[in-house]
Amino acid sequence: MKYLFSTICLFTFLALILSPQISAQQLIPQPVAMNLSKGTFTLTASSTVGYNNTESRGAAEMFAKSIHIPTGFALTPVQRKSSAIQFNILAMPDTKIGKEGYLLSVSSKHVVISANTPAGLFYGMQTLLQLLPSEIMKKESVNISWNIPSVSIIDYPRFDWRGLMLDVSRHFFSKEDVKTYIEQMSRYKFNTFHWHLTDDNGWRIQIKSLPKLTEVGAWRVQRYGAFGSRSEPLPGEPATYGGFYTQEDIREIIQFAAERNVTIVPEIDLPGHSMAAIAAYPELSTRKDTSTRVNPGTHFAEWFSNGTFKMNIENALNPSDENVYQFLEKVFTEVAALFPGTYIHVGGDECYKGYWQQDSGCVTLMRKMNMEHVEQLQGYFMGRVEKILKSKGKKLLGWDEILEGGSISPDATVMSWRGVKGGIEAASKKHNVVMTPTTFAYLDYNQGDQTIDPPVYASLRVRKSYSFEPVPDGVDATYILGGQGNLWAENVPHLRAAQYLIYPRAWALSEVYWSPKEKKDWNDFSARMESHFMRADAAGINYSTAVFDAIIKTSKRNETLVFEMDTELSDLKIYFTIDDTMPDEYSPGYSGPVELPSGPITLRAVTYRNGKPIGHLITLKREELEKRAAK
Ligand code: ACM
């Protein structure tokens, strides 16, 4: 009897696991409304694929192409009214789903995706791909049944701006890497690729009228090891590390992105973060130091505990020099001609003004303009930049420092990164805002224990990213365009390292920016997230599994060190040792704060789920535990 019961349980469990109905509950981001019903559509080599007009053709063809390799099916979409899998632009627009929403209905005989726009069809197609088994992500053919659950979905985004940023200055990502990044973000319905193209460590966009920007500015000496503590370039040392995108490359990437409903926002970071431009054209700075080199990640700045900093090497353009504005006119003429989008991001962040203060030209300009603070010079500079952009029909977007110095017009859009306060202030001044605070959206921060994940100066767990609410209390939501996640690349040497940092947090953010606020549910999301680990495995995409690890904090109770542990997932159990043995499920299970006895003790902790180890082993010596208590 017992045996029979276990067998039934096992079969029920397998049926549930294998059921396509389950895959419908694994969508990220979560759709607005979904109704599951009984039955399954099976995709086969003879399934017909169709589209109703030239606008719906792209999504149909991309679907056929996306499934070709894993299924082995060569489906050729045809223009007609009804097919087994049909993509339709609605003859009568559906106002509820707007310009990016879609309707998806799957029955045992038909799959129909309808939308007002090609963008909506593209997102419906992405949802359809997520309804297929995870093997659909494989790069080789797999012989399984390609079942899709019967379901009816109405879906549209909460925010218009759903972005991911990639810093290609600190690490040069190849054209193919950039396309892969864009392709993968579009699968999670992100629609804005913020391309951080210039910084102290490399200028990556060809400007034909200023050839030295890439001949000199795109190359630096090769260095390895922790960014910020690398050795200075030696005199005469060849600059061999780097690269840049030709305008041809950029046009190709823009086209690739457009096919995936991704708009590219290029960033030319000004007036600070410009060491690579100054290495190429030293006359753009106040000191005009011809020994300035593209920086390989040396100790070029001092950071102070009050949040201020000092640049050891000048990296800001000179706001008092008219030649600088002529330079910018040339740069933005070419940038504006290349990128079809509305916005150009002009940085504005972390501009050190110490060299301006010492420069007679800047002092004279301040006097002439009746400026009391050097900060106002940045306002003046940004105002001039905005005029250049406006003359080219583009809108200025900048980090929240553009509010300082007060010369920005209400048309400027503000990207709030130093928490959400810049965004709140900007919205109160009627600026549009993109929310991307370090506290929830900085994807370069590590996501697990500082001793397990490669060290970064701050930490951000996926659960925290998922908890982000982009519209702060009391702010008029109409000014919040949406949000994004930012991947700075000081510590990102290749694309797989980028993926490790992006996922799963970008999935969490995709849901924050797309799905209805009311549907937010961490336990539900985290279960879906795990099924996307399987999809990433099938695709060979890297991700962090830090979400399975113990979170360990310490504090002092009088003189005694106390440790507390937690997990992001509620169904994990933590086992630990403090006796220099390896923890397993027979070790003490964590149930509450533990006082650490005195002595040279090491805490070891590991997580289990259903009797199986799942997280990393975390090993913390007393010294580290003491350090955490002091924070
Ligand atoms: C920034 O992180 N410096 C915008």
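The structure displayed is predicted, hence computed values, not measured ones.

(A) Fine view of the nonpolar core. If you look at the biggest cluster of nonpolar residues, it comprises 155 residues, and the most contacted ones within it are Phe87, Trp195, Phe327, Leu328 and Phe332. Every residue in contact with Phe327, bar those within four places of it in the chain, is listed here: Trp203, Leu210, Leu213, Ala277, Tyr281, Leu284 and Leu317. Core analysis: the next-biggest nonpolar cluster, separate from the first, contains 16 residues, Ile552, Met565, Leu596 and Leu603 among them.

(B) Seen up close, the sheet that holds strand E2 (residues 49-51). On the basis of which strands lie adjacent, the open sheet formed by seven strands has the order E1-E7-E5-E6-E4-E2-E3 and mixed pairing. Taken across any chain shown, the strands that pair with only one partner, and hence form the sheet edges, are strand E1 (33-43) and strand E3 (78-79). Both E1 and strand E7 (residues 146-155) contribute to a ladder of eight bridges, which runs antiparallel. Paired with Leu36 across the two strands is Val151, which belongs to E7. Packed on one face of the sheet, helix H4 (residues 118-131) meets strand E4 (85-89), strand E5 (102-106), strand E6 (111-115) and E7 and runs near 35° to E5.

(C) Highlighting the packing of aromatic side chains. Under the defined criterion, the tally for this structure stands at 35 aromatic pairs. Taking 5.6 Å as the distance between ring centres and 45° as the angle between the ring planes, the aromatic pair formed by Trp399 and Trp488 counts as tilted. One end of the pair, Trp399, is in strand E18 (residues 395-399); the other, Trp488, is in the loop between strand E21 (480-487) and helix H16 (495-502), and 89 residues separate them in sequence. Through successive ring pairs, a cluster of aromatic residues spans Phe172, Tyr181, Phe193, Trp195, Tyr245 and Phe339. Between Lys189 and the ring centre of Trp514, over which it is positioned, the NZ or CZ distance is 5.8 Å. A cation over a ring is seen here: Arg260 above Phe256, with NZ or CZ 3.7 Å from the ring centre.

(D) Spatial organisation of the pattern of salt bridges. Within the structure shown, the criterion is met by 34 salt bridges. In this structure, Lys175 engages Glu252 in a salt bridge whose closest nitrogen and oxygen atoms are separated by 3.1 Å. You can see Lys175 sitting in helix H5 (residues 175-187) and its partner Glu252 sitting in helix H7 (residues 247-258), a full 77 residues away along the chain. Judged by relative accessible area, which is 33%, Glu252 ranks as partly exposed. Put simply, Glu626 and Arg622 hold a salt bridge, and the shortest N to O gap is 3.3 Å. You can see Glu626 and its partner Arg622 sitting in helix H19 (residues 622-630), four residues apart, about one turn around the helix. What makes Glu626 partly exposed here is its relative accessible area of 27%. In this structure Arg622 comes out as buried when scored by relative accessible area, which is 19%.

(E) Spotlight on the sheet that holds strand E9 (residues 192-196). Read around the closed barrel, the eight strands follow the order E8-E9-E14-E17-E18-E19-E20-E21; overall the barrel is parallel. The average undirected angle you get between the axes of adjacent strands in this sheet is 30°. Sheet analysis places E18 next to strand E19 (residues 413-416), joined by three bridges and oriented parallel. Looking at E19, one finds that Gly398 is bridged to Val414.

(F) Broad picture of helix H3 (residues 54-71). Compared with the 26 Å implied by 1.5 Å per residue over 18 residues, the 26 Å span of H3 between its first and last C-alpha is a close match. The set of residues buried in H3 consists of Ser56, Ala59, Ala60, Met62, Phe63, Ala64, Ile67, Pro70 and Thr71. Of the residues that open H3, the one with a side-chain oxygen 2.9 Å from the backbone nitrogen of Glu55 is Asn53. A positive phi of about 80° marks Gly72, the residue just after H3.

Cut-offs used in this document
- Residues numbered from 1 in each chain as written.
- Predicted model: local features only at pLDDT ≥ 70, side-chain atom pairs only at ≥ 80, totals over all residues.
- Heavy atoms only, no water.
- Core = buried A, V, L, I, M, F, W, Y, C linked by side-chain atoms within 4.5 Å.
- Buried < 20%, exposed > 50% of the residue type's maximum accessible area, 1.4 Å probe, protein only.
- Contact = heavy atoms within 4.5 Å.
- Pairing = 2+ DSSP bridges.
- Helix = DSSP H or I, 4+ residues; strand = E, 2+ residues; numbered from the N terminus.
- Axes fitted to C-alpha atoms, helices over the stretch in contact; angles between N-to-C directions.
- Phe/Tyr/Trp six-rings, centres within 6.5 Å; stacked < 30°, edge-to-face > 60°.
- Lys NZ or Arg CZ within 6 Å of the ring centre and 35° of its normal.
- Salt bridge = Lys/Arg side-chain N within 4 Å of Asp/Glu carboxyl O.
- Expected span 1.5 Å × (residues − 1).
- Polar contact = N/O pair within 3.5 Å; in protein donor to acceptor, adjacent residues only side chain to side chain.

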